[in-house]
Amino acid sequence: MIGQKSITGTVTEASSGEALIGVTVLIKGDQARGTITDFNGEFEIVASEGETLVFSYAGMEEQEVEVGPTDVLNVQMSSNILLDEVVITGYGEQLRSSFTGSVSKPKIEDIQQAPRTNFQESLTGNVSGLQVNQGSGQPGAFQNVRIRGLGSINAGTNPLYVIDGIPVINGNIGNESTTSTPMSGINPNDIESINVLKDASATSLYGSRGANGVIIITTKKGKSGKPKFNFGVQTGVSNVSLADKLRPLNSAEYVELMKEGLINRGFAENDAEALTYLTDRGIDPAVDTDWFDAITQQGSFRNTNLSVSGGNDATRYFVSGGYQQNEGVVIGTGFTRASARVNLTTKFADWITVDFNNSASYTSQNTALDAGAFANPVRSIFRFIPTEPVYNEDGSYNLGINSGFHPVGEMLENKRLSNILNLNSSVTGKIDLMKGLSYRPTVSINRIEGADETYFIPDFGTGNSRNGYAEADFDNNTNWMVRNLITYNNYFNDAHGLDITLGHEAQKFSSYFVQTLIGNLPFPQLNTLSNGANPESISGSKTANTIESFFLNTSYNYQGLVYLNGTIRRDGSSRFGSDVRYGTFWSGGASVNLHRLSFLNGNNAISALRLRASYGENGNESISNFASLGLYSTGADYNGNPGIFLSQLANPGLTWEVNRQLDVAVELGLWNRVDLVVDFYNRRTSSLIFDLPVSLTNGVSSVTSNIGSLQNQGVEIELETQNIENNNNGFNWSTSFNITFNKNKVISLPEGDFADGSRYREVGKPWSTWYFQGYAGVDTETGEAMWYTDETESETTTSYNAAEPYQQGTSDPDFYGGLTNVFSYKGINLSAQFVYNYGGKILHSWHSFTHTDGSRSLSTTGNLARSIYERRWQNPGDVTDTPQFIFGRNTGSRNRSTRFLYDGTYISLRDISLSYSLPKALTQRASIDDTQLFVRGSNMWIWTKDERLERDPRTDAGGSIDQEIPIPTTFTFGLNVSF
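Residues numbered from 1 in each chain as written. Predicted model: local features only at pLDDT ≥ 70, side-chain atom pairs only at ≥ 80, totals over all residues. Heavy atoms only, no water.

For the protein chain, the name recorded in an unreviewed UniProt entry is SusC/RagA family TonB-linked outer membrane protein, with Portibacter lacus as its organism. Regarding the protein chain, the relevant UniProt record gives this comment under Subcellular location (unreviewed entry): "Cell outer membrane". (UniProt positions renumbered as here; feature names shortened; annotations may be inferred.)

A. Layout of the overall build of the protein chain. Of regular secondary structure, the protein chain possesses 11 helices and 54 strands. Rg of the C-alpha trace for the protein chain: 31 Å, near the compact-globule value of 30 Å for 979 residues, within the 12% margin. Along the longest, intermediate and shortest principal axes, the C-alpha atoms of the protein chain span 115 × 70 × 65 Å. Restricting to contacts in the protein chain with at least 6 residues of sequence separation, those with at least 24 account for 69%. Counting every atom, the protein chain has about 39600 Å² of accessible surface; 53% of that belongs to carbon and sulfur. Across the protein chain, the mean location of the 72 positive side-chain charges is 4 Å away from that of the 103 negative side-chain charges. (Helix = DSSP H or I, 4+ residues; strand = E, 2+ residues; numbered from the N terminus. Rg over C-alpha atoms; globule rule 2.2 N^0.38 Å. Contact = heavy atoms within 4.5 Å. Areas by Shrake-Rupley, 256 points an atom, 1.4 Å probe, with all protein chains shown as cover. Lys, Arg positive; Asp, Glu negative; His and termini not counted. Charge placed at Lys NZ, Arg CZ, Asp CG, Glu CD.)

B. How the structure looks around the nonpolar core. Within the largest apolar cluster, 24 residues are counted, with the highest numbers of intra-cluster contacts made by Trp291, Ile295, Val408 and Ile965. Those elements that provide at least two residues to this core are helix 6 (291–295), helix 7 (377–383) and helix 8 (407–412). Here this core gets 3 residues from one element, more than from any other, and that element is helix 6. Leaving out residues up to four positions away in the same chain, valine 408 has contacts with Ala294, Ile295, Ile331, Val390, Tyr391 and Tyr397. (Core = buried A, V, L, I, M, F, W, Y, C linked by side-chain atoms within 4.5 Å. Buried < 20%, exposed > 50% of the residue type's maximum accessible area, 1.4 Å probe, protein only.)

C. Summary view of helix 4 (residues 251–265). With 15 residues, helix 4 should reach 21 Å at 1.5 Å per residue; the first-to-last C-alpha distance of 21 Å fits that figure. If you check which residues of helix 4 are buried, you get Ser251, Glu253, Tyr254, Val255, Leu257, Met258, Lys259, Glu260, Gly261 and Leu262. Where helix 4 is buried, its residues contact helix 5 (271–280), helix 10 (866–871) and strand 48 (872–873). Positive phi appears at glycine 266, one or two residues downstream of helix 4, with a value of about 90 degrees. (Expected span 1.5 Å × (residues − 1).)

D. Just the side chain of asparagine 402, in detail. Structurally, asparagine 402 can be placed in the loop between helix 7 and helix 8. Taking the relative accessible area as the measure of exposure, asparagine 402 reaches 4% and is therefore buried. Side-chain polar atoms of asparagine 402 contact the backbone oxygen of phenylalanine 374, separated by 3.0 Å. Of the polar contacts made by the side chain of asparagine 402, one reaches the backbone oxygen of phenylalanine 405; its length is 2.7 Å. Dropping the residues within four chain positions of it, asparagine 402 is found in contact with Phe374, Arg379, Ser380, Phe384, Thr860 and Thr861. (Polar contact = N/O pair within 3.5 Å; in protein donor to acceptor, adjacent residues only side chain to side chain.)

E. Inspection of the packing of aromatic side chains at higher detail. For the structure on display, the rule yields 29 aromatic pairs. One aromatic cluster is present, built from ring pairs that chain together Phe737, Phe741, Phe815, Tyr836 and Tyr838. We note arginine 894 situated over the ring of phenylalanine 849; from NZ or CZ to the ring centre the distance is 5.1 Å. (Phe/Tyr/Trp six-rings, centres within 6.5 Å; stacked < 30°, edge-to-face > 60°. Lys NZ or Arg CZ within 6 Å of the ring centre and 35° of its normal.)

F. Looking closely at the sheet that holds strand 4 (residues 42–48). Taken together, 3 strands build an open sheet; the order of strands is 4-1-7 and the sheet is mixed. This sheet does not close on itself; its edge strands, each paired only once, are strand 4 and strand 7 (75–77). If you compare each strand with its neighbour and ignore which way they point, the axes differ by 35 degrees on average. As defined by bridge partners, strand 1 (residues 4–13) adjoins strand 4 across 7 bridges and the pair is classed as antiparallel. In the strand pairing of strand 4, isoleucine 7 is matched with isoleucine 45. (Pairing = 2+ DSSP bridges. Axes fitted to C-alpha atoms, helices over the stretch in contact; angles between N-to-C directions.)

G. Focus on the pairing of strand 46 (residues 828–838). With 11 bridges connecting them, strand 45 (residues 815–825) and strand 46 associate as antiparallel partners. When the sheet's bridge partners are listed, phenylalanine 815 is paired in strand 46 with tyrosine 838. As paired elements, strand 46 and strand 51 (residues 906–917) share 10 bridges and run antiparallel to each other. Among the inter-strand pairings, glutamine 833 is bridged to a residue of strand 51, identified as aspartate 911.

H. Region of interest: a nonpolar patch on the surface. A cluster of nonpolar side chains, namely Val237, Ile828, Leu830, Ile907, Ile912, Leu914, Tyr916, Met940, Trp941, Trp943, Phe971 and Phe973, defines an oily patch on the protein surface of about 1000 Å² accessible area. Breaking the nonpolar patch down by element, the ones donating at least two residues are strand 46, strand 51, strand 52 (930–944) and strand 54 (968–978). Counting through the fold element by element, methionine 940 comes out in strand 52. (Patch = residues over 30% accessible without salt bridge, like charges linked within 9 Å, V, L, I, M, F, W, Y side chains within 5 Å. Salt bridge = Lys/Arg side-chain N within 4 Å of Asp/Glu carboxyl O.)

I. Quick peek at empty space enclosed by the protein. Counted under the stated rule, the structure contains 12 cavities of 30 Å³ or more. For the lining of the largest cavity, the secondary-structure elements that each account for two or more residues are strand 11 (130–133), strand 37 (732–748), strand 45, strand 46 and strand 51. Looking at the lining of the largest cavity, the element that brings in the most residues is strand 11, giving 4 residues. Its residues assigned to classes, the lining of the largest cavity shows 12 nonpolar, 18 polar and 6 charged. Roughly 270 Å³ of volume is contained in the second largest cavity. (1 Å grid on protein atoms, 1.4 Å probe; cavity = no way out; pocket = protein on both sides within 12 Å on 5 of 7 lines; lining within 4 Å. Points joined across faces, edges and corners; volume = space filled by probe spheres on them. Nonpolar A, V, L, I, M, F, W, Y, C, P; charged D, E, K, R; others polar.)

J. Molecular detail of the environment of leucine 933. On the secondary structure map, leucine 933 appears in strand 52. C-alpha separation for the pair leucine 933 and serine 915, spaced 18 residues apart in sequence, amounts to 5.5 Å. Once residues lying within four places of it in the same chain are set aside, the contact partners of leucine 933 are Leu914, Ser915, Tyr916, Gly974 and Leu975.

K. Seen up close, the sheet that holds strand 43 (residues 796–797). Here 3 strands make up an open sheet; going across it, the order is 41-42-43 and the pairing antiparallel. Two strands close off the open sheet at either side, each with one partner strand: strand 41 (775–778) and strand 43.

L. Region of the structure containing helix 5. Those residues of helix 5 that fall on the buried side of the exposure criterion are Ala274, Tyr277 and Leu278. In a view along the axis of helix 5, the buried residues occupy a sector of 95 degrees, so they form one face of it. Turned more than 90 degrees away from the buried face of helix 5 sit Ala272 and Asp280, all of them exposed. Looking at the buried side of helix 5, the elements it contacts are helix 4. The residue sitting at the N-terminus of helix 5 and contributing the capping side-chain oxygen is asparagine 270; that oxygen lies 3.2 Å from the backbone nitrogen of alanine 272. Glycine 282 lies just past helix 5 and shows a positive phi near 90 degrees. (Arc of directions from axis to C-beta.)

M. Representation of the packing of helix 4 against helix 5 in the model. Across the interface, helix 4 lies against helix 5 with an axial gap of 9 Å and an inter-helix angle of 110 degrees. The angle between helix 4 and helix 5 places the two elements in the roughly perpendicular class. Residue-level inspection shows Val255, Met258, Lys259, Leu262 and Ile263 of helix 4 in contact with helix 5, the latter providing Asp271, Ala274, Leu275, Tyr277 and Leu278. Looking at the contact of helix 4 with helix 5, its residues break down into 8 nonpolar, no polar and 2 charged. (Parallel < 35°, antiparallel > 145°, perpendicular 65-115°, else oblique.)

N. Region of the structure containing the pattern of salt bridges. Evaluation of the coordinates by the stated rule reveals 41 salt bridges. The closest approach of N and O atoms between arginine 247 and aspartate 293, which form a salt bridge, is 3.2 Å. Of this pair, arginine 247 sits in the loop between helix 3 (243–246) and helix 4 while aspartate 293 sits in helix 6, and the two are 46 residues apart along the sequence. What makes arginine 247 partly exposed here is its relative accessible area of 26%.

O. A look at unusual backbone geometry. A positive phi is found at asparagine 939, a non-glycine position, where the angle reads about 55 degrees. Its location among the elements puts asparagine 939 in strand 52. Within the chain, glutamine 963 stands out as a residue other than glycine whose phi angle is a positive 60 degrees. Counting through the fold element by element, glutamine 963 comes out in the loop between strand 53 (960–961) and strand 54.

P. Highlighting the pairing of strand 28 (residues 582–593). Only one face of strand 28 is buried, namely the one carrying Gly583, Phe585, Ser587, Gly589, Ser591 and Asn593, since none of Tyr582, Thr584, Trp586, Gly588, Ala590 and Val592 on the opposite face is buried. As judged from the 11 bridges shared by strand 27 (residues 562–573) and strand 28, these two strands associate in the antiparallel manner. Residue pairing for strand 28: isoleucine 568 is matched across the bridge by tryptophan 586. Bridge analysis of strand 28 against strand 29 (residues 606–620) gives 8 bridges, and the strand direction is antiparallel.

Q. Main features of the environment of leucine 433. Residue position: leucine 433 is located in strand 22 (residues 415–434). Considering only alpha carbons, one finds leucine 433 and isoleucine 486, 53 residues apart in sequence, at a separation of 9.8 Å.

As structure tokens, then:
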């Protein structure tokens, strides 16, 4: 043909810039003339000026480009389905269609605008197979995250967190607060993407730290172009959710119960005598204190962020700053965060590129104690009787209750502050040695400095016996890492792709802890340690551990149709015994993109069809640093002379817990509008770490050993649909749905089945199986509490001690997940997310103190739950689960049984948001790219299946309610501006 010439170019994925392999390039109208892109996304084709090239690739929008005078055509293709989105995997990124492992990628916009202090909270309901156990509403609280069930008993169960390629420190920091965490220092607005790696093929590259899954966080980077500014502000309020259920009895209700209890006990014949009995003992019915109102408040939320990004072909930058302030729903609680980030990418030469990632955050958390602590304000809400005033007549605190621990005074006058400075810095280079071969060195440091400040005034509670008391804790942690990678990729004979990564990594974690306590600080204004007269103790500790690793990852693909992946990693950890310090971890995976086979070409219904499978093993090294060593401890002093004693037996054979996982999945795309991913997995953890009993003649009672195994089997389903699609700014409706079924069971135990407090550990049953007496309700004729005599539940008894404990089900849910619908029309966007949990039994650990049925008499901490007042047995024939109220008599009805075990099923409207983007024709007049106004509500509604449950059913990982701060309902307004 006349005017033919050779056209060359590169085809890349639009959002990531990743080269696309196997893209079909055809001359429009001439199917005989065509080619495909190679491993680098490059193509060459002969065409004439004026002809049109058609670029097609499964899962991508088809592109047509007319040949002009230039000989070079570079094309960017955009994904039209979830199954071809870019995911971050291990030490690189790739398209989902080329990845053989299991990965979930939540929508980042759902996380960035959520009015929460910790991004982990926003993962709830957005990722299949992932549970966030949020038992506390304390702002900035640590979140317990599990991926695919409970994988360990005594080692760590949290996933590994990797930020911009660097494994970072997570978990609780500090001594005073049990909820502080460096994860709260991450500004969600700095996050570009979050990828959750779940199976062995995805996580084995992290070896001994990948057993519980990996959460990879990638922060934003600059793009070439003029500076782009983004400004965002949010403000709002929060209130205690389910407040009506949580409110304790008022004075009239309390006095009514007490009078009835006195008559039932025979201490009074009528109401008048009973009232006299009460008033003679200091009960004043005229006092009506609402301890709920006294201790809770309307919280506030404020969040401000500003970022600028830009650059040129040589240097790109992203700079941000943010400030968040959150006042909690319990008086005296709160959280603030100041954060800054500078990410810089510089191309020093065509063959040298360097990334500089630096961030700093400072968080300050005002905390409250939980569980049974006298200073726990939540405990006081439910336990304090309403006839006791908050203040005395002279305005001073009423200290005649709770052994002098006044909840309002404890929260407003004392200081319980947990501060964390989190510094993260890394430098990564990329040196291109030759085509397809590069060297990538990385040096990073993660420094976390925790400082707890505690002061208790001398007037009451903790500080009273010491005339004022102060404590300072310093918990400094350093994590440095050096990594060297050699990567090679090439495409052979227009058919075979090869990608190889060879690496070495060395990482050291060190920590230094100092604690100082001092008493006799009589002046609240002078509460630093130097103002105390009685130094009480000074203690400290220092520890470290190291990991050295060698690894190899190899991927092969044939024409973008078949993908094979193999990984092997050799880890050495200082934590384990000298005989087994090194472990080898590996995985293999395969996937087939069936939609690229010839018989499916042109199929309008099936836009993607992919099968994948993987198997491999990784490890869990999350134990104490010296668990394998024989240890002696100081403190056995005698007559003023120092002494030491044997505190731990050595076990040179102590090694990793090993996690082996099989994953089989199918991924299906229909009509470019429906994306379905179904994963079947079998995860088995062996060599569980237990304390094996030994004879006390050794000086200790146990030795840490590898014994026992667990199994988690399950199914994960993720579904994305474009229900209504209109590309002309019309009405659009999309739905995201996920559901997870997981079954946990014990495979083997060190010494067979055994009872463990309120749990029973049995081979073949879930580890989290409850074990105590079964409550049989109330005798309708006598009002006495009844229990089943044994597990057959065929006979009952009114004597608690005559009832045998037996297994009562598990705290693990049958299934859980989330459902999100997004509607948009001409700049208006409405989004609603529901999360749900079906099954699982939760224990209210403290209901035995608020459901006493009169046994606590007139104790100032003896208030009753509302259900006692509303459902108590009063007359023969009453059918209820609440016994007769009898003053001062302990019938055993308050003892732990299934009376306080509840169904954990719930559905929650987790988030709902309404936003409006101003028309660009209007904003561009002011040189503004985009302006968005929004209003958002979080935890706005919850339905609980078990009507007996008097609070939010969301609990900690163990399934127990432990008098934590309630999870709040939050309502915010916001503005985002880009220019």
